Amino acid sequence: MPATVHQISISSGGVPKLPVPSAKVSIQGLEGDWQNDRRYHGGPERAVCLFPLSLIKLLNSEGHPIAPGTIGENLTLAGVSVEDWAKLVPGSRLIFSGGVQLEVVSYSNPCSKIRNSFRDLEFLRVREDLHPGQSRLYSRVLKEGSIATGETFAIESAR
């Protein structure tokens, strides 16, 4: 199964982020997306938040009510296994077939605002230092453009 964009999610602030069929992507992030606390979210070094559908399914199997967009990710990615997600580190790049290019910058520390997506409000379940390879990833935009649901992408390992 090729790696594809399963869902694009935006919000005027807060979670859940809601699905849109496509979005323009600039160095500041997705058009129409905003973060209430800009000290910890958004900006060029945290322009696009990423999370894989495979981890959402794993978390569902553990009893967590998480769904695409509910923990604030902008792009929910399909066709990336839990094992392959764990290999994405700062410096890894995602090259989308429509031309957008992203580079992973950091792991996204979860905050209590996403607690309702987790059984017993266990939002730290997606914290990198507690569950390595299972956190959201923040990325910067290397090449602006538009992105659409269903679009394929390739992953380049960190150099």
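Right, let's walk through the structure included here. The model shown is predicted, which means the values in this text are computed figures rather than measured ones.

### Comments concerning the overall build of the protein
- Counting secondary structure elements, the protein contains two helices and eleven strands.
- In the protein, the succession of α and β elements from N to C terminus is β-β-β-β-β-α-β-α-β-β-β-β-β.
- A globule of 159 residues ought to have a C-alpha radius of gyration of about 15 Å, and the protein, at 14 Å, matches this closely.
- Across its three principal axes, the protein shows a C-alpha extent of roughly 40 × 30 × 25 Å.
- A sequence separation of at least 24 residues applies to 67% of the contacts in the protein between residues at least 6 apart.

### What to know about unusual backbone geometry
- Backbone torsion omega between Val-15 and Pro-16 reads 5 degrees, so that peptide bond is classified as cis.
- One can find Pro-16 in the loop between strand E1 (4-10) and strand E2 (18-20).
- Phi is positive for Asp-120, close to 55 degrees, though the residue is something other than glycine.
- Examined against the element boundaries, Asp-120 turns out to sit in the loop between strand E8 (101-108) and strand E9 (136-143).
- Residue classification places Asp-120 among the exposed positions, given a relative accessible area of 65%.
- We note that Leu-121 has phi near 60 degrees; this positive angle belongs to a residue other than glycine.
- Within the element layout of this structure, Leu-121 appears in the loop between E8 and E9.
- Residue Leu-121 is classed as partly exposed on the basis of its relative accessible area, which comes to 45%.

### Notes on the side chain of Ser-9
- Assignment of secondary structure puts Ser-9 in strand E1.
- A distance of 2.9 Å separates polar atoms of two side chains, one belonging to Ser-9 and the other to Gln-7.
- What Ser-9 contacts, discounting residues up to four positions off in sequence, is Lys-17, Leu-18, Pro-19, Leu-30, Asp-33, Gly-69, Glu-73 and Asn-74.

### Here we look at the environment of Leu-94
- Inspection of the secondary structure puts Leu-94 in strand E7 (residues 93-96).
- The buried category is assigned to Leu-94, whose relative accessible area is 0%.
- With sequence-adjacent residues up to four places away left out, Leu-94 is seen in contact with Leu-50, Leu-77, Val-100, Gln-101, Leu-102, Val-104, Phe-153, Ala-154 and Ile-155.

Conventions we followed
Residues numbered from 1 in each chain as written. Predicted model: local features only at pLDDT ≥ 70, side-chain atom pairs only at ≥ 80, totals over all residues. Heavy atoms only, no water. Helix = DSSP H or I, 4+ residues; strand = E, 2+ residues; numbered from the N terminus. Rg over C-alpha atoms; globule rule 2.2 N^0.38 Å. Contact = heavy atoms within 4.5 Å. Buried < 20%, exposed > 50% of the residue type's maximum accessible area, 1.4 Å probe, protein only. Polar contact = N/O pair within 3.5 Å; in protein donor to acceptor, adjacent residues only side chain to side chain.

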